[in-house]
Amino acid sequence: MGARILVVEDEEALTTLLRYNLEAEGYEVETVVRGDEADTRLKERIPDLVVLDWMLPGLSGIELCRRLRARSDTRQLPIIMLTARGEESERVRGLATGADDYVVKPFSVPELLARVKSLLRRASPARLASVLSFGDIELDRDRHRVVRSGRPIDLGPTEYRLLEFFLEHPGRVFSREQLLDSVWGRDVYIDERTVDVHIGRLRKLLNPDGELDPIRTVRGAGYALDEQFASGTE
């Protein structure tokens, strides 16, 4: 699964250009034209990176950046600020507000793509890694192969995506709704209990002989990869 990027930009031509090039790189892209709409969207679903214009209708990019840095769940969210303001004092202001990078318009698309990749690599190395490991479980993205203690595990496509998502965020608890959005997609309308069915299948496939279960059920909250499992298999 490609990293999810939210582009908050009110210039239609630039939004189209960014979406085209980011999707060509394999990213999942969502676009919003207003700052206040982006604020609402980010409370519903947190992407892996935000490309944020400085001047926006409804709520400025600077104010939105401040709000994101004030929230515990988005404090570490990578943010690249876009602006037509090239003065040093304005760059300092943007970075001081909490932006991780600052790009002045007009900009080189290849340069922006390189900055996106670099920032994602620093913020979430697992997003770009070809092999993900957790305890005695290893997922090889290039070979589309999963092994546990050296034994191949044959997963269906949905179970594979579920495991891949968990391996990208070890220890973090996800609700059924969050898993539906991240693994199945926002445009797929299925019952939340479908998540339970696929979690059950994934558990059976990973633990055919009664091995230690790496998936932890958090009552009233959701599911997570159990960090105690990783330490217990070392």
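Computed from a predicted structure; not experimentally measured.

A. Structural context of the packing of helix α2 (residues 35-44) against helix α3 (residues 61-70). Contact geometry for α2 and α3: axes closest at 10 Å, N-to-C directions at 15°. Our classification of the angle between α2 and α3 gives roughly parallel. By crossing handedness, the relation of α2 to α3 is classed as right-handed. Residue-level inspection shows G35, A38, D39 and L42 of α2 in contact with α3, the latter providing L64, R67 and L68. Residues that form the contact of α2 with α3 fall into these classes: four nonpolar, one polar and two charged.

B. Up close: the pairing of strand β2 (residues 28-32). Here five bridges tie strand β1 (residues 4-8) to β2, and the two strands are oriented parallel to one another. By the bridge assignment for β2, R4 is matched with E28. The handedness of the β1 to β2 crossover, carried by helix α1 (residues 12-24), is right-handed.

C. Quick look at the environment of L119. For L119, the position within the fold is in helix α5 (residues 109-123). Along the primary structure L119 and L49 are separated by 70 residues, whereas in three dimensions their C-alpha atoms are 8.4 Å apart. Ignoring any residue separated from it by four or fewer positions in sequence, one finds L119 in contact with L49, P78, I79, I80 and D100.

D. Spotlight on the layout of surface pockets. Its boundaries defined by the atoms lining it, the largest pocket holds a volume of some 480 Å³. Forming the boundary of the largest pocket are 24 residues, of which I46, P47, D48, H169 and R172 lie nearest the centre. Elements that contribute at least two residues to the lining of the largest pocket include exactly α2, α5 and α8 (176-184). The residue inventory of the lining of the largest pocket, partitioned by class, reads nine nonpolar, six polar and nine charged. Viewed by domain, the lining of the largest pocket spans two of them, domain 1 (4-123) and domain 2 (131-230), each represented by three or more residues.

E. Structural detail: the pattern of salt bridges. This structure, assessed with the given rule, holds 23 salt bridges. The salt bridge partner of E30 is R41, with a shortest N-O separation of 2.1 Å. Residue E30 is found in strand β2, and its partner R41 is found in helix α2; the two are separated by 11 residues along the sequence. On the basis of relative accessibility, which here comes to 22%, the residue E30 falls in the partly exposed class. A relative accessible area of 24% places R41 in the partly exposed class. Between R141 and E164 there is a salt bridge whose closest N-O contact spans 2.8 Å.

F. A look at the packing of helix α7 (residues 157-168) against α8. Interaxial distance between α7 and α8 falls to 10 Å at its minimum, and their mutual angle equals 110°. Accordingly, the angle class assigned to the pair α7 and α8 is roughly perpendicular. The interaxial crossing formed by α7 with α8 has right-handed handedness. Within the contact between the two elements, α7 uses T158, R161, L162, F165 and F166 and α8 uses L179, S182, V183 and W184. Residue composition of the contact of α7 with α8, grouped by class: six nonpolar, two polar and one charged.

G. Layout of the sheet that holds strand β4 (residues 79-83). Reading across from one edge, β2-β1-β3-β4-β5 is the order of the five strands in this open sheet, with parallel pairing throughout. Sheet topology places β2 and β5 (101-104) at the edges, where each strand pairs with a single neighbour. Neighbour-to-neighbour, the strand axes of the sheet open up by a mean angle of 20°, direction not taken into account. Pairing analysis gives four bridges linking strand β3 (residues 49-53) to β4, with the strands arranged parallel. By the bridge assignment for β4, V51 is matched with I80. Lying over the sheet, α1 contacts β1, β2, β3 and β4, oriented at roughly 165° with respect to β2.

Conventions we followed
- Residues numbered from 1 in each chain as written.
- Predicted model: local features only at pLDDT ≥ 70, side-chain atom pairs only at ≥ 80, totals over all residues.
- Heavy atoms only, no water.
- Axes fitted to C-alpha atoms, helices over the stretch in contact; angles between N-to-C directions.
- Helix = DSSP H or I, 4+ residues; strand = E, 2+ residues; numbered from the N terminus.
- Parallel < 35°, antiparallel > 145°, perpendicular 65-115°, else oblique.
- Left-handed = near helix turned anticlockwise from the far one by under 90°.
- Contact = heavy atoms within 4.5 Å.
- Nonpolar A, V, L, I, M, F, W, Y, C, P; charged D, E, K, R; others polar.
- Pairing = 2+ DSSP bridges.
- Right-handed = clockwise from strand over helix to strand, strands pointing away.
- 1 Å grid on protein atoms, 1.4 Å probe; cavity = no way out; pocket = protein on both sides within 12 Å on 5 of 7 lines; lining within 4 Å.
- Points joined across faces, edges and corners; volume = space filled by probe spheres on them.
- Domains from an automatic or database assignment.
- Salt bridge = Lys/Arg side-chain N within 4 Å of Asp/Glu carboxyl O.
- Buried < 20%, exposed > 50% of the residue type's maximum accessible area, 1.4 Å probe, protein only.

It is worth stressing that arrangement in space is one thing and function is another; only the former is reported here.
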